[in-house]
Amino acid sequence: MITFCYFVLTFIGCLILWIFLKLKFYKQRINSLLIEISNNNNRLSVLISENQNFSEEIKQLKPISLLVKQSPNAIMLMNKVGDIISINDGFEKMYGYNYEDFIAARGSNYRRTSFSSCVNDRISKIFSTRTPVI
């Protein structure tokens with residue numbers, strides 16, 4: 001009988017130890033998840049702030065975009081490496097190409113499609129001075 005009691009007490013002790021270790025593991029896991037949630041909340045706050053900044057910038061760019069779109073002058077928008085982003089209606093009327101037709105006929109990079117020998121100088125000047133080149 002005493003042996004059985006020792007066995008039961010040993011079993012209960014082992015069970016309590018196992019439960020304690022599991023609780024410790026879950027507590028560590030919960031703490032790491034809370035830290036991860038906190039980090040995600042911080043990242044989310046940054047993204048929300050950036051989104052608000054972008055929204056403000058978009059509001060400021062809408063009138064300029066409308067001006068470019070409705071201008072009778074030919075306007076081509078490109079990035080620093082010369083990839084053509086868009087052309088306006090004035091470009092279409094002046095040259096007879098819409099964006100897709102121009103890209104299909106001439107290519108998507110102004111540096112490679114231009115007949116001008118000074119195209120690289122012009123693009124560099126545009127981005128260094130932030131002024132248009134005629």
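Our subject is the structure listed above.
Criteria and cut-off values
Residues numbered from 1 in each chain as written. Predicted model: local features only at pLDDT ≥ 70, side-chain atom pairs only at ≥ 80, totals over all residues. Heavy atoms only, no water. Phe/Tyr/Trp six-rings, centres within 6.5 Å; stacked < 30°, edge-to-face > 60°. Buried < 20%, exposed > 50% of the residue type's maximum accessible area, 1.4 Å probe, protein only. Helix = DSSP H or I, 4+ residues; strand = E, 2+ residues; numbered from the N terminus. Pairing = 2+ DSSP bridges. Patch = residues over 30% accessible without salt bridge, like charges linked within 9 Å, V, L, I, M, F, W, Y side chains within 5 Å. Areas by Shrake-Rupley, 256 points an atom, 1.4 Å probe, with all protein chains shown as cover. Salt bridge = Lys/Arg side-chain N within 4 Å of Asp/Glu carboxyl O. Core = buried A, V, L, I, M, F, W, Y, C linked by side-chain atoms within 4.5 Å. Contact = heavy atoms within 4.5 Å.

## Section: the packing of aromatic side chains
- If you walk through the whole model with that rule in mind, you get four aromatic pairs.
- Considering the side-chain rings of Phe25 and Tyr26, the 5.3 Å spacing of their centres and the 65° angle between planes classify their relative orientation as edge-to-face.
- Classification of Tyr26 by relative accessible area gives partly exposed; the value is 45%.
- A ring pair is formed by Phe91 and Phe102, whose centres lie 5.4 Å apart and whose planes are at 90°; its orientation type is edge-to-face. Taken together, the positions of Phe91 in helix H2 (residues 89-95) and Phe102 in helix H3 (residues 99-106) put the pair eleven residues apart, joining distant regions of the chain. For the pair shown, Phe91 and Phe102 are each scored as buried.

## Section: the pairing of strand S2 (residues 84-87)
- Two strands pair when backbone bridges link them, and strand S1 (residues 76-78) and S2 are joined in this way by three bridges, in the antiparallel orientation. Of the residues in S2, the one forming a bridge with Met78 is Ile84.

## What to know about the environment of Lys59
- Residue placement: Lys59 occurs in helix H1 (residues 2-70).
- Between the C-alpha atom of Lys59 and that of Gly96, which follows or precedes it by 37 residues, the distance is 31 Å.

## Section: a nonpolar patch on the surface
- On the surface, Phe4, Phe7, Phe11, Ile12, Leu15, Ile16, Trp18, Ile19 and Leu23 cluster together into a nonpolar patch covering about 960 Å² of accessible area.
- Within the secondary structure, Ile19 is located in helix H1.
- Overall, the relative accessible area of 39% leaves Ile19 in the partly exposed class.

## Observations regarding the pattern of salt bridges
- Using the criterion set out here, one finds one salt bridge in the structure.
- Residue Asp89 pairs with Lys69 through a salt bridge whose shortest N-O separation is 3.5 Å. Here Lys69 lies in helix H1 and Asp89 lies in helix H2, a separation of 20 residues in the sequence.
- Judged by its relative accessible area of 46%, Lys69 is partly exposed.

## Some remarks on the nonpolar core
- Among the nonpolar cores identified, the biggest contains eight residues, and these are Met76, Met78, Ile84, Ile87, Phe91, Phe102, Val119 and Ile123.
- Not counting residues up to four positions away in its chain, the partners in contact with Val119 are Tyr110, Arg111 and Ser114.

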